[in-house]
Amino acid sequence: MTIVATPEVVRNKRPYGSVLETIGWTPLIRLSRVVRGCRTPVYGKADFFNPGGSVKDRIGLPIIEAAERSGALKPGGTIVEGTSGNTGVALAIAAVMRGYRCVFTMPDKMSQEKVRLLKAFGAEVIITPTAVPPDHPDSYVMMAKRIAEATPNAILANQFYNQANPDAHYATTGPELWEQTDGRITHFVAAAGTGGTITGVARYLKERNPDVKIIAGDPQGSILAELFRRRNSGGDAGEKPVGTPYKVEGIGQDKLPGTLDLSLVDEFHTVSDRDSFAMARRLTREEGLFVGGSSGLITHVALRLARQLDDPRACVVTFLCDTGERYLSKLYNDEWMRENQLLEPDRATLGHLLAQRGADVPQLVSTAPGALVRQALGLMKLHDVSQLPVMEGDRCVGSVTEYHLTTRGLESSRFLDATVGEVMDEAFPTVDAGQAVDAVTKLLSKASPALLVTDRGRVTGIVTRSDVLQFLMTR
C-alpha cells in the first residue's frame, strides 16, 4: 500500500505569526531500508520536525493556555515542571513567547545536551538523582511540586496528570495521522512516558475506526508493561511492581501516570536499551532519520510487528519522538556506548588483524621449495617467526616450522643442506581476509599453527595462534 500526501495540506506557503504556529503537521515518512524484505509497509511520524525537536512541542502551549484560562497562571508568573528534557523545551519556547519564567527539575541520567538547551531558552535547571523512588522528596517530580508550592505566582505544569496533554494529541496528532494515511492506518506504535501521546492518538483513531490496534513499547526496567499485563489478566494486582534503571530517556515509568489510559492499548512489548539504541543508530545511518533512543525502541517494536503481520494491506505507523541531537554525548558516542556495554562488538576480520601490524612488520615471510633448510632457519631468525609458508609463485605448496627443522637438524647436520621441498609439511589452510577472527580460531591447532590470508584469491599475509591471541587481548 502506498500513501500519497494529501494535496491540500501544504506547509510554509505563507509567513507565520510566531514559531508556535509551526508546531504540528510533521511529515509521515515511509521506511525503506530498515524494513527491507518485509511486505508490511511501515511509516514514521517524524515529530522531531517540530521547532523544539520533539513531540512534546505539541503540549507546551496547550498546558500554558489551560492554566491561563483557569486563572492559575498570571502575567509574569513561573512555570515549574519535572521533565526528561523535551517537555521542558516545549514549555520554554511557549514561555518565551508569553513572557513567563521557567524552572525545571531533571533526573541526572538525562543528557547534557538537554540541560544546555533548556538553559539556552533562559530556564533554570535543577538536577535530581535518578535512583530514588518516585515518592522520594529528591525525585524530580516531587522536587518540582515543592518548588511550585514555594514560589509565588507559579504553577506546576504537571504533564503526568494534566488532561491538556492527551487532549493536545487528540486534537492534532490523531487527526494528522488519519488524514496522512487516508484513514488506512491499521496499527499505531508508540511508547508511554506521561502517556499523553498514546492516549490522545488512540482515543481519536479508535473513534474513527475501532479496529485500529494501539501497540505500546516499554523499556526493560519500566513497570508499565507489567501493569498492563496484570490489568488484562484479570487477577489480583498484588504489590506494585518495582522498576529498575534503564538508559532510554523520556519513556517508561516507575508509576502509572494519570494521563495514560491503559484501556486504549491493545499490546505492550518490552525492549532492551541495546536494541533501542541499535535501531536508533540504524534509522540515522540507513534512513537518514536522526532520532533518539525512544524512537529506536518504538521502531524496533513496529518492525517486529510488521514482520509478524506480513500483510501488504496493513499500515503500521511508528512514532519518531525526538531528534538525535539530544543524545550526541550518549547513544551516538561510541565510547559511552562501550562503557555501558550497549555497543555491538565490531566484527573484527583477519584483514583488520593484518592491518594492525603496522608497515614495519612484513605481512608475509615465505620461502621457496628450492631453498636450503639452513636458509629457511636463517629467515625465521631474521624475522622472529616460527613457521614459513613454502610458496611457488602465488601458490602455497607446503609449510615448514622451526620446531621440525631444528629437531631434524640436531639429529643430522646434513639435514641443514636439504632443500625445503624435500622436507616440507602440508600447506597451511587459506582463509579469506573478510572472515571474522572469532570464526577461524578453531582452524588453528598444533598441527596447523598458522593460516594464510587471501584477498581476491591472492595470498597477502599469514596469521599465527600468537597473532590471534595478542589481537583478542588488545581488544
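Only a predicted model underlies this, so the values are computations on that prediction, with no experimental measurement involved. (Residues numbered from 1 in each chain as written. Predicted model: local features only at pLDDT ≥ 70, side-chain atom pairs only at ≥ 80, totals over all residues. Heavy atoms only, no water.)

> Give me the lowdown on the packing of aromatic side chains, citing residues and values where you can.
Tallied over the entire structure, the rule returns six aromatic pairs. Here Tyr170 and Tyr204 contribute two aromatic rings whose centre-to-centre distance is 5.7 Å and whose plane-to-plane angle is 75°, an arrangement assigned as edge-to-face. Taken together, the residues Tyr170 in helix H5 (residues 164-171) and Tyr204 in helix H7 (residues 196-208) connect sequence positions 34 residues apart. Here the aromatic rings of Phe188 and Phe319 are separated by 5.8 Å at their centres, their planes lie at 80°, and the arrangement is edge-to-face. With Phe188 in strand S7 (residues 187-191) and Phe319 in strand S10 (residues 316-320), this pair connects stretches of sequence that are 131 residues apart. Both residues of the pair, Phe188 and Phe319, belong to the buried class. Above the ring of Tyr246, the side-chain terminus of Lys109 is found at 4.1 Å from the ring centroid. Over the ring of Phe160 we find Lys255; its NZ or CZ atom is 4.2 Å from the centre of that ring. (Phe/Tyr/Trp six-rings, centres within 6.5 Å; stacked < 30°, edge-to-face > 60°. Helix = DSSP H or I, 4+ residues; strand = E, 2+ residues; numbered from the N terminus. Buried < 20%, exposed > 50% of the residue type's maximum accessible area, 1.4 Å probe, protein only. Lys NZ or Arg CZ within 6 Å of the ring centre and 35° of its normal.)

> Go over the pattern of salt bridges with me, naming the residues and quoting the values.
Going through the model one piece at a time under the given rule, you end up with 19 salt bridges. A salt bridge links Glu392 to Arg395; the shortest N-O distance between them is 3.1 Å. Three or more residues are tied together by salt bridges with common partners; here these are Lys45, Asp47, Arg58 and Glu176. (Salt bridge = Lys/Arg side-chain N within 4 Å of Asp/Glu carboxyl O.)

> Explain the sheet that holds strand S5 (residues 124-128) residue by residue, including any values.
Note: strands within a sheet are paired through backbone hydrogen bonds, in either parallel or antiparallel orientation. Read across the open sheet, the four strands follow the order S5-S4-S3-S6; overall the sheet is parallel. Looking at which strands have only one partner, the edges of the open sheet turn out to be S5 and strand S6 (154-156). Shown here is a sheet whose adjacent strand axes are inclined to one another by a mean of 20°, direction ignored. Inspection of the sheet shows strand S4 (residues 101-107) paired to S5 by five bridges, in the parallel sense. Within S5, the position partnered with Thr105 by the bridge is Ile126. Sheet contacts for helix H4 (residues 140-150): strand S3 (78-82), S4, S5 and S6; angle to S4, the most-contacted strand, approximately 155°. (Pairing = 2+ DSSP bridges. Axes fitted to C-alpha atoms, helices over the stretch in contact; angles between N-to-C directions. Contact = heavy atoms within 4.5 Å.)

> Can you explain a nonpolar patch on the surface? Please cite residues and give values.
A surface patch of nonpolar side chains, about 330 Å² in accessible area, is lined by Val19, Val96, Met97 and Phe121. With respect to the element layout, Phe121 can be found in the loop between helix H3 (112-120) and S5. (Patch = residues over 30% accessible without salt bridge, like charges linked within 9 Å, V, L, I, M, F, W, Y side chains within 5 Å. Areas by Shrake-Rupley, 256 points an atom, 1.4 Å probe, with all protein chains shown as cover.)

> Which residues make up the environment of Gly293, and what values go with them?
Residue placement: Gly293 occurs in helix H10 (residues 293-309). For the pair Gly293 and Lys109, spaced 184 residues apart in sequence, the C-alpha to C-alpha distance is 13 Å.

> Any chance you could break down the environment of Glu113 for me, citing the residues and the numbers?
Following the sequence through the fold, Glu113 ends up in helix H3. Ignoring sequence-local partners within four residues, the contact set of Glu113 consists of Glu325, Arg326, Tyr327, Leu328 and Ser329.

> Go over H3 with me, naming the residues and quoting the values.
Among the residues of H3, those classed as buried are Glu113, Lys114, Val115 and Leu118. Count one or two residues on from H3 and you reach Gly122, which has phi positive near 90°.

> Got a sec to walk through the domain arrangement of the protein? Specific residues and values, please.
The assigned domain composition of the protein is domain 1 (19-51 + 163-340), domain 2 (56-156) and domain 3 (350-474). Here the C-alpha centroids of domain 1 and domain 3 sit 55 Å apart. (Domains from an automatic or database assignment.)

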